[in-house]
Amino acid sequence: NDKRLFLQDQTNGAYRLAILDNGNVGIGTTAPDSLLDISGSNSSGSVALTIQNTNNPSADETGQAAAINFKLTHPTNTQISAGTIYVGKADDWNPGSGQADSFMAFYTTSGGTSAEKVRIDDNGAVGIGTTSPNSLLHLEKSANDISGAKLTLDSSHTGNADYGSTIAFQAG
């Protein structure tokens, strides 16, 4: 009564894809333990999952992005976006000149509205609360938020004094 579907490589007999009777899908494994389980080995680099936007944009289009959207179920059985990770063009790309800058943005949902909360720009600057970080780490809070922008370090470690919450500034 074991109901499984396998796709096998005809040349060397290796299993490439498995679909189990519980709905789990395995790529590179015959025993997937989650809805999608990707397993592989690559001695010359990483094992990758590719998400590609194949839209052929116009010359000045900068809005092209690829995304992973995380949804949760509301008690009314409605699927609601709980968060999204976007990777997109930071500017108009000109691959012939090597110009292909990108960004990564993390969105969360609050009060039913999805909004960008963290961005890593093409220079590696991280913005929390801003879509345009102007330093390596840029924290920003909206003007109407009375709590202001804060950076909090909290350590519950006891014992050695060298393991407390610390911000160290070093020049040169």
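Refer to the structure above for everything that follows.
This text gives an overview of the structure that appears in the document. (Residues numbered from 1 in each chain as written. Predicted model: local features only at pLDDT ≥ 70, side-chain atom pairs only at ≥ 80, totals over all residues. Heavy atoms only, no water.)

Digging into the overall build of the chain
Condition: Helical segments are the DSSP runs of H or I of at least four residues, strand segments are the runs of E of at least two, and each set is numbered from the N terminus. Accessible area is worked out with a 1.4 Å probe on protein chains only. A residue is then buried under 20% of its type maximum, exposed over 50%, and partly exposed in between. Contacts are assigned to residue pairs that have any heavy atoms within 4.5 Å of one another. Calculation of accessible area relied on Shrake-Rupley with a 1.4 Å probe; when residues are assessed, cover is drawn exclusively from the protein chains displayed.
From N to C terminus, the chain includes zero helices and 10 strands. Order of helices (α) and strands (β) in the chain, N terminus to C terminus: β-β-β-β-β-β-β-β-β-β. In the chain, which comprises 172 residues, the proportion classed as buried is 13%. Sequence separation of at least 24 residues holds for 9% of the intrachain contacts in the chain that already meet a minimum separation of 6. Accessible area for the chain stands at about 13,000 Å²; split by element, carbon and sulfur atoms hold 50% of it.

Remarks on a nonpolar patch on the surface
Where we set the bar: Patches here: salt-bridge-free residues with over 30% relative accessible area, like charges joined within 9 Å, nonpolar side chains (Val, Leu, Ile, Met, Phe, Trp, Tyr) joined within 5 Å. For this document, the term salt bridge refers to a Lys or Arg side-chain nitrogen within 4 Å of an Asp or Glu carboxyl oxygen.
Taken together, the side chains of Ile27, Leu35, Leu36, Ile38, Val47, Leu49, Ile51, Ile68 and Phe70 define a hydrophobic patch exposed on the protein surface, amounting to about 830 Å² of accessible area. Here Ile38 lies in strand E4 (residues 36-38).

Quick notes on the pairing of strand E7 (residues 102-110)
This is how it is decided: Strands pair, by our definition, only if DSSP identifies at least two bridges between them.
The pairing of strand E6 (residues 79-89) with E7 spans seven bridges and is classified as antiparallel. Across the sheet, residue Ile85 finds its bridge partner in E7, namely Phe106. With seven bridges joining them, E7 and strand E8 (residues 113-120) adopt antiparallel strand pairing. Looking at E8, one finds that Thr108 is bridged to Ala115.

Thoughts on the pattern of salt bridges
Counted according to the given criterion, the structure contains two salt bridges. The salt bridge partner of Arg16 is Asp9, with a shortest N-O separation of 2.9 Å. Relative accessible area serves as the criterion here: at 43%, Arg16 is assigned to the partly exposed category. The closest approach of N and O atoms between Glu116 and Arg119, which form a salt bridge, is 2.7 Å. For the pair Glu116 and Arg119, a shared accessibility class is recorded, and that class is buried.

Quick word on the environment of Ile80
Assignment of secondary structure puts Ile80 in strand E6. Taking relative accessible area as the criterion, Ile80 reaches 35% and is therefore assigned partly exposed. With 11 residues separating them along the chain, Ile80 and Asn69 place their C-alpha atoms 10.0 Å apart. Discounting chain neighbours no more than four positions away, the residues touching Ile80 are Phe70, Lys71, Leu72 and His74.

Re the packing of aromatic side chains
Given two aromatic rings, one states the distance between the centres and the angle between the planes to describe the pair. As a reminder of what qualifies: The aromatic pairing rule takes the rings of Phe, Tyr and Trp, using the six-membered ring of Trp, and pairs them if the centres are within 6.5 Å, calling planes under 30 degrees apart stacked, those over 60 edge-to-face and the rest tilted. Lysine and arginine charges are scored as sitting over a ring when NZ or CZ, respectively, is within 6 Å of the ring centre and within 35 degrees of the ring normal.
Per the counting criterion, the structure on display carries two aromatic pairs. Between Phe6 and Tyr15, the ring centres sit 5.0 Å apart and the planes meet at 55°, which makes this aromatic pair tilted. Judged by relative accessible area, Phe6 falls into the partly exposed class, the value being 27%. Ring centres of Tyr86 and Tyr107 lie 4.9 Å apart, and the angle between their planes is 65°; this geometry places the pair in the edge-to-face category. One end of the pair, Tyr86, is in strand E6; the other, Tyr107, is in strand E7, with 21 residues separating them in the sequence. The ring of Phe103 carries the charged tip of Arg119 above its face, separated from the ring centre by 4.0 Å.

Details of the sheet that holds E4
Rules: The axes used here are C-alpha line fits, helices contributing only the stretch in contact, and every angle between their N-to-C directions lies in the interval 0 to 180 degrees.
Ordered by their spatial adjacency, four strands build an open sheet running E1-E2-E3-E4, and the pairing between neighbours is mixed. Edge positions in the sheet fall to strand E1 (5-8) and E4, since each of these pairs with one other strand and no more. Sheet twist, expressed as the average angle between the axes of neighbouring strands with direction ignored, equals 10°. As judged from the four bridges shared by E1 and strand E2 (residues 15-19), these two strands associate in the antiparallel manner. Paired with Gln8 across the two strands is Tyr15, which belongs to E2.

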